[in-house]
Amino acid sequence: MAPKKGSVGNSNSRDVDVEDRFQAVVLTDSFETRFMPLTADKPRCLLPLANVPLIEYTLEFLANAGVNEVYLTCSSHANQIDEYIENSKWNLPWSPFKISTILAPEARSVGDVMRDLDNRGIITGDFILVSGDVITNIDISKMIEFHRKMHAQDKDHIATMCLSEATEYYKTRTFEPAAFILDKSTNRCIYYQDLPLISSQEKGAVQIDPELLESVDEFTIRNDLIDCRIDICTPHVPPIFQDNFDYQSLRTDFVRGVISSDILGKSIYAYITSDYATRVESWQSYDTISQDYIGRWCYPMVLDNNMQYDQTYSYESRHIYKENNVVLAQSCKIGKCTAIGSGTKIGEGTRIENSIIGRNCQISENIVIKDSFIWDNTIIGDNSKIKHSIVASHAKLGNNVTLNDGCIIGFNVIIDDNMEIPKSTKISFKPVKNLGSSTFNLGGDEEASDEEDSVEYSSFVGVNGVGYLYDSDTSDDDEDESNDIHKVSNCLAYQLEELYLSDASISSITKRKKKKRTMSSNSMYTDREDIESEDDDDEDFEAEGLATVERALENNHDIDTALLELNTLRMSMNVTYHEVRTVTVMALVRRVYHFISTQTLGPKDAVHKVFNHWGDLFKRQAFEESEFVDLMNIIMDVVEDTHFDKPDLILFGAFTSLYDNDILEEDIIYKWWDNVSDDPKYDNVKGLIAKWVEWLRTADEESSEEESSEEE
Amino acid sequence: MSSQSMPSLVHNNNPNAVTEIEVSIDSFIAKLKRRQISGSYIIALETLQLLKRFISAVRWSHVNELIAQIRELGNRLEKANPTAFGCGNVIKRILAVLRDEIEEDMKESQNAGASSSPSANNLNDRNSSAVGDVSQAEPLIASMFNLLQKPEQNSQDFYESKSKTKTDFRQVVIQAIKDLIDEIKNIDDGIQQIAIDLIHDHEILLTPTPESKTVLKFLIRARERANRTFTVLVTEGFPNNTQNAHDFAKKLAQHDIETIIIPDSAVFALMSRVGKVIIGTKTVFINGGSIVSSAGVSSVCECAREFKTPVFAVAGLYKLSPLYPFNVEKFVEFGGSQHILPRMDPRNRLDTINKITDYVPPENIDIYITNIGGFAPSFIYRIAWDNYKQIDVHLDGKQK
């Protein structure tokens, strides 16, 4: 599939020499689900920020940078992006660059996109790799200069990352905190490591291979850098992704992989700027960046530039922006930091502050809107209160509706009169994927479902309302269900006390690294595991292995196939059976958790179903007694980590299933029990096991000959 | 009217030329929006260059269409950056020249018509020639009635007459553009002539607008030509203009002028010793007020007034705008907040308003020094109406 030619009638003046042209690749998809449920209908890059689709900011930046050719890689909602670009001003003959969309619906990660890019052979020279949600006013020419200078000095230099310095006052620096270890004199990136989220209580540690520091005189470790995902890459970059087909993410895999690899011998440099540069990567950053933008922190990129042809914003002091044709009632009050789109009508007695209102909204009387984002074509009834929420396009709120801190109302949702939506509720018009099990019908007047839950949830949208609750925690495996850190920080609501960043916590060293973010070909996870040491192989294996087992579980492969796949993986990555077991257990437990959380099965049934069927996997993964003991430890660890309601029940269920299927022998169980760790954190997990072991022992004594045959 | 549909036909006739000019217009607009071009001097010159290309590319069947198209272009440029008055000013100047030429042309053709068939055009002819006589006899002191009446009647007549004219308006406009470019490029010479008379020996001058090249040349000229020795105080202009202030001081020092950079807060304390305040302007409005290029100048002028220190504003004629600053907020440019405070979370930070430009009201300026002489602010409107037509003050509405 050749890239679609975006512009047709280009003038000759812009047909630059192939050698000289400056290319840019925009990754429109982040392969994340953080903007669910809104991204179910619209790709992230077309969500409006300050009434302008996000992608415009990136394209504007590229236009400023003097790029000649832009390639947009689209995977999810590719047709929407394609259509948008086709009708946008960038496709006109006088657009500053040639724009083409590359449709790659099969891509599942940044790595896939890069490999696709390499296959197409589009890249001819240095290019800018930027994600489609960047908002920045950096002066790219300085960065290019830096890039060229470094390239002249170091011929192994393959990429320059743009990092923006955050001040100490900036608490929510980034959603994906990371430590960069840089060579002090040249800004060469020596090492890169993700850090645990600010909100988490975990301690982060950076482990550096001493070999990496051998040739370095002085280095700095910095965690105050906002990674804005603007990279200038040499044409060598896509082939590296091709060679390392397991690279998924740009930073964790690629940057770490390249700089710690002796074989490649390539280096990556960091360009540090104090200009404004961030990504809209979560609801919180959406909120922050919108406010920054309105507060003119990104000047000269400001709303009253009217980047779009049809915009007519003008500025008034106290950061109020109004388009033409805004109808304001005489007694309404427009407070500071507010933008209002054209065609919007605001009724008597309404107060608006710190908010962005889209076009053609009908905002009735005596409404209070504070710190909120109201997108185009919404209707809001009298006496409503909206506080720190997002109301997406075409939503309809009745009279007397109250939206509390952090609500997200999806496209087309209708909320009935007199409703109060609790804090951090996300409501979408349609149930969002993986459904049936995970979302509940909220429309009280559509089919009377007798489930208790639906009654409970209809309290959100009311009798005449249309909308479904979206709950990222229970919905599916895409979002890390076990990781409550994400649950906490990926919502709009204020959590400043939790988000308090203490620099001290990062410097203290602990040997555990808990959080790890990787991509698999299926989906994106975050796992927490206790692994003492990890190198790249480990991590890759984990992601791959997990994906393999999950695939098998989901598609109900037969056990032999699953085992074969796992074994191949094990050989190719050269890991021990311990890792294989860990991965398998994790996948199984996750499956159990999924069943329970979606209420398909009760905890006991779920455990039995999964472990009875798939327990046989362990027969070929553990052979000696010690290995079985190890397996039991792993199961206990994983169960403990997954935060079930009743961990002891799960563990008990798992062990009895394995025992019933002759996978675990009594001797092994006794041996394990005698050596089991006394760590108090396992205490509530072990509750039932103690009794069970006790029971086994007495049963053993009573009928030593019969063993447990009657239980089978 | 048939002229409404004409432009599209024109476009079809020569798509290439139109596309090409559209490309350059659009990239110019984009640059204006992104604030990639700044400085009224550069903006004015670039606008003229663009207009020149535009005039060579467009086709029209009647001169009215040409005017409409130029107005359209001017409107687009004004909208792109409402605080870059240079674009509008020069386009309005060109329009005024064009309209004068049309008037001239019409008079000639009517005179010719009158001699050949006096009965048909009698009334018209008398009317316009009477008006024409008035304007020739008293070109400056026309009555209010004539000011409002004359252009409208004339244009009305002309717009209705569909007769072909002999004058090559393309040539007229291009010549006007060339003249204006020359004028803008040589503006400093005109201003510098006056400099020598204004600056005395051993005087202390204060300038709060260090980025103005006109001020710089003005001072250097006074030093070199007249060989005056004087001291210049330069305000620091924190935060937007500090770099400029330093460069400015350095350049002056290189020319052997004693230069002192003072903090903005010290202006009041030092004002009693200052002999003259010299400011550069970005735009001069019709009421004699002006937009100056750094925040704080307004308070410096206020301060000067308190001490009865004369304030001299230097401005090229092209900076004169026929607009009236009814709403100053719309004309002042607001910059970013990032240089004033460190970046903080939006929820617990101060909101900052960072004016990049400032408005100085006419009562705080004593004299404007332009390339055609010095004028009191109250006289500025007369100069404006010498150069602009009332009808072209606002380019966005339909004409007539």
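Just so it is clear, the structure is predicted and the values come from calculations on it, not from any experiment.

Visitor: What should I look at first to understand the overall build of chain A in this one?
Guide: Scanning chain A from N- to C-terminus turns up 19 helices and 37 strands. Across the 712 residues that make up chain A, the buried fraction comes to 51%. Restricting to contacts in chain A with at least 6 residues of sequence separation, those with at least 24 account for 62%.

Visitor: I'm lost on the overall build of chain B in this one. Help?
Guide: Check the secondary structure of chain B and you find 15 helices and 10 strands. In chain B, buried positions account for 41% of the 400 residues. Intrachain contacts of chain B at a sequence separation of at least 6 include 78% that bridge at least 24 residues.

Visitor: What is the right way to read the interface of chain B and chain A from this model?
Guide: One frequently used descriptor of interface size is the decrease in accessible area upon assembly of the parts. At the interface, 25 residues of chain B touch 33 residues of chain A. Among the secondary structure elements, those contributing two or more residues to the side of chain B that touches chain A are α2 (15-33) and α14 (328-331) of chain B. Tallying contributions element by element places α2(B) first for the side of chain B that touches chain A, with eight residues.

Visitor: Even after reading the chapter, I still don't get the sheet that holds strand β35 (residues 468-470) of chain A, so can you show me in this structure?
Guide: In any sheet, the strands associate via hydrogen bonds between backbone groups, in a parallel or an antiparallel arrangement. Residues and elements named next belong to chain A. Spatial ordering of the open sheet is given by β15-β16-β19-β22-β25-β28-β31-β34-β35, a layout of nine strands whose pairing is mixed. At either margin of the open sheet sits one strand with a lone partner, and together these are β15 (314-316) and β35. Here strand β34 (residues 426-428) pairs with β35 via three bridges, running antiparallel. Pairing of Ile427 across the sheet is with Leu469, part of β35.

Visitor: Explain the pairing of strand β4 (residues 276-280) of chain B to me, please; I cannot follow it from the model alone.
Guide: On any regular strand, side chains alternate: one points to one face of the sheet, the next to the other face. Residue and element names in this part refer to chain B. Most of β4 sits out of view: four of its five residues are buried. Of the pairings in the sheet, the one linking strand β1 (residues 203-207) to β4 comprises two bridges and is parallel in character. Looking across to β4, one finds that Leu205 is bridged to Lys276. With four bridges connecting them, β4 and strand β7 (residues 311-314) associate as parallel partners. Each bridged residue has a counterpart across the sheet, and for Val277 the counterpart in β7 is Val311.

Visitor: Which parts of the structure should I look at to understand the nonpolar core?
Guide: Ranked by size, the top nonpolar core spans 231 residues in total, and within it A:Leu62, A:Val70, A:Ile128, A:Cys189, B:Ile94 and B:Val277 carry the most contacts. Broken down by element, this core gets its largest block of residues, 10 residues, from helix α5 (residues 85-116) of chain B. What A:Ile128 contacts, discounting residues up to four positions off in sequence, is A:Ala24, A:Leu62, A:Ala65, A:Val67, A:Ile230 and A:Ile232. Of all hydrophobic cores here, the second largest spans 50 residues; its members include A:Val583, A:Met586, A:Tyr593 and A:Met636.

Visitor: So what exactly am I meant to see when it comes to the packing of helix α14 (residues 603-614) of chain A against helix α17 (residues 647-660) of chain A here?
Guide: Relative placement of two packed helices is described by the angle separating their axes and the distance separating the axes. All names here are of chain A. Here α14 crosses α17 at 35 degrees, and the two axes come no closer than 9 Å. In the packing of α14 onto α17, the handedness of the crossing is right-handed. Residue-level inspection shows Pro603, Lys604, Val607, His608, Phe611 and Asn612 of α14 in contact with α17, the latter providing Leu649, Ile650, Gly653, Ala654, Ser657 and Leu658. Of the residues contributing to the contact of α14 with α17, the split by class is seven nonpolar, four polar and one charged.

Visitor: Could you clarify how one ought to interpret helix α9 (residues 187-198) of chain B in this entry?
Guide: The periodicity of an α-helix, 3.6 residues per turn, causes residues three or four positions apart to be oriented the same way. All names here are of chain B. Counted at 1.5 Å a residue, the expected span for α9 with its 12 residues is 16 Å, and the 17 Å between its end C-alpha atoms agrees. Among the residues of α9, those classed as buried are Ile187, Asp188, Ile191, Gln192, Ile194 and Ala195. What you see down the axis of α9 is that its buried residues fit within an arc of 165 degrees, all on one side. Residues of α9 that are exposed and point over 90 degrees away from its buried face: Asp189 and Asp197. Those residues of α9 hidden inside the fold are in contact with α8 (169-185), α10 (213-224), β7, β9 (367-370) and β10 (373-375).

Visitor: Mind showing me how you'd approach helix α12 (residues 559-573) of chain A here?
Guide: Residues and elements named next belong to chain A. End to end, α12 covers 21 Å across 15 residues, agreeing with the expected 21 Å (1.5 Å per residue, within 8%). If you check which residues of α12 are buried, you get Ala562, Leu566 and Leu569. Buried positions in α12, seen along its axis, are confined to an arc of 60 degrees and lie on one side of it. Facing away from the buried side of α12, by more than 90 degrees, are the exposed residues Asp560, Thr561, Thr568, Met571 and Ser572. The first or second residue beyond α12 is Asn574, which carries a positive phi of 60 degrees.

Visitor: What is the right way to look at unusual backbone geometry in this model?
Guide: With glycine set apart, most residues show a phi of negative sign, and most peptide bonds adopt trans. Here the amide bond leading from A:Tyr299 into A:Pro300 is cis, since omega sits at 5 degrees, within 30 degrees of zero. Within the secondary structure layout, A:Pro300 lies in the loop between α7 (283-294) and β15. Between B:Phe238 and B:Pro239 the backbone carries a cis peptide bond, its omega angle lying at -5 degrees. Mapping B:Pro239 onto the fold places it in the loop between β2 (230-235) and α11 (242-254). One non-glycine residue, A:Arg229, lies in the positive phi region at around 55 degrees. Topologically, A:Arg229 is positioned in strand β12 (residues 225-233). A residue is classified by how many C-beta atoms lie within 10 Å of it, and A:Arg229, with 26 of them, is buried. A positive phi angle, near 50 degrees, is found at A:His388, a position not held by glycine. Checked against the element boundaries, A:His388 lands in the loop between β27 (385-387) and β28 (390-391). Take A:His388: there are 23 C-beta atoms within 10 Å of it, and that puts it in the buried class.

Visitor: Got a minute to help me understand the confidence of the model for chain B in this structure?
Guide: Interpretation of this model should avoid reading the predicted coordinates in detail wherever pLDDT is low. Residues and elements named next belong to chain B. The pLDDT averaged across chain B works out to 81; a share of 81% of its residues lies at or above 70. Note on residues 1-13: pLDDT under 50 across the span, and 12 contacts to partners over four residues away in sequence or across chains. Scored below 50 in pLDDT, residues 117-139 makes 18 contacts in the model with residues more than four places away or belonging to other chains. Here the prediction assigns the complex a pTM of 0.71, and the interface score ipTM is 0.79.

Visitor: Looking at this model, I keep getting lost on the confidence of the model for chain A. Mind explaining?
Guide: All names here are of chain A. Looking at chain A as a whole, its pLDDT mean stands at 76, while 80% of the residues score no less than 70. Segment residues 1-17: pLDDT under 50, and 32 contacts once partners within four positions in sequence are set aside and those in other chains are kept. Across residues 495-536 the pLDDT falls below 50, and counting only partners more than four positions away or on other chains, this stretch makes 75 contacts in the model.

Visitor: Got a minute to help me understand the pairing of strand β1 (residues 23-27) of chain A in this structure?
Guide: Residues and elements named next belong to chain A. Among the five residues that make up β1, five are buried, leaving the element largely enclosed by the rest of the structure. Across the two faces of β1 the burial is the same, with Gln23, Val25 and Leu27 and Ala24 and Val26 all buried. Relative to strand β6 (residues 127-131), β1 runs parallel, the two being bridged by five bridges. Bridged to Gln23 within β6 is Phe127.

Visitor: Looking at this structure, how should I read the sheet that holds β4(B)?
Guide: All names here are of chain B. With respect to topology, seven strands assemble into an open sheet ordered β3-β2-β1-β4-β7-β9-β10, the strand pairing being mixed. Bordering the open sheet on either side are β3 (258-262) and β10, each of which pairs with just one other strand. Strand-to-strand twist of the sheet, defined as the mean angle between neighbouring strand axes without regard to direction, takes the value 25 degrees. Contacting β7, β9 and β10, α9 runs over the sheet at an angle of about 135 degrees to β9. Packing against the sheet, α11 makes contact with β2 and β3, and its axis sits at approximately 165 degrees to β3.

Each value, and the rule that gives it
Residues numbered from 1 in each chain as written. Chains lettered and ligands numbered in written order. Predicted model: local features only at pLDDT ≥ 70, side-chain atom pairs only at ≥ 80, totals over all residues. Helix = DSSP H or I, 4+ residues; strand = E, 2+ residues; numbered from the N terminus. Buried ≥ 20, exposed ≤ 12 C-beta atoms within 10 Å, placed from the backbone. Contact = placed C-beta atoms within 7 Å. Pairing = 2+ DSSP bridges. Core = buried A, V, L, I, M, F, W, Y, C linked by C-beta atoms within 7 Å. Axes fitted to C-alpha atoms, helices over the stretch in contact; angles between N-to-C directions. Left-handed = near helix turned anticlockwise from the far one by under 90°. Nonpolar A, V, L, I, M, F, W, Y, C, P; charged D, E, K, R; others polar. Expected span 1.5 Å × (residues − 1). Arc of directions from axis to C-beta. pLDDT = per-residue confidence, 0-100.

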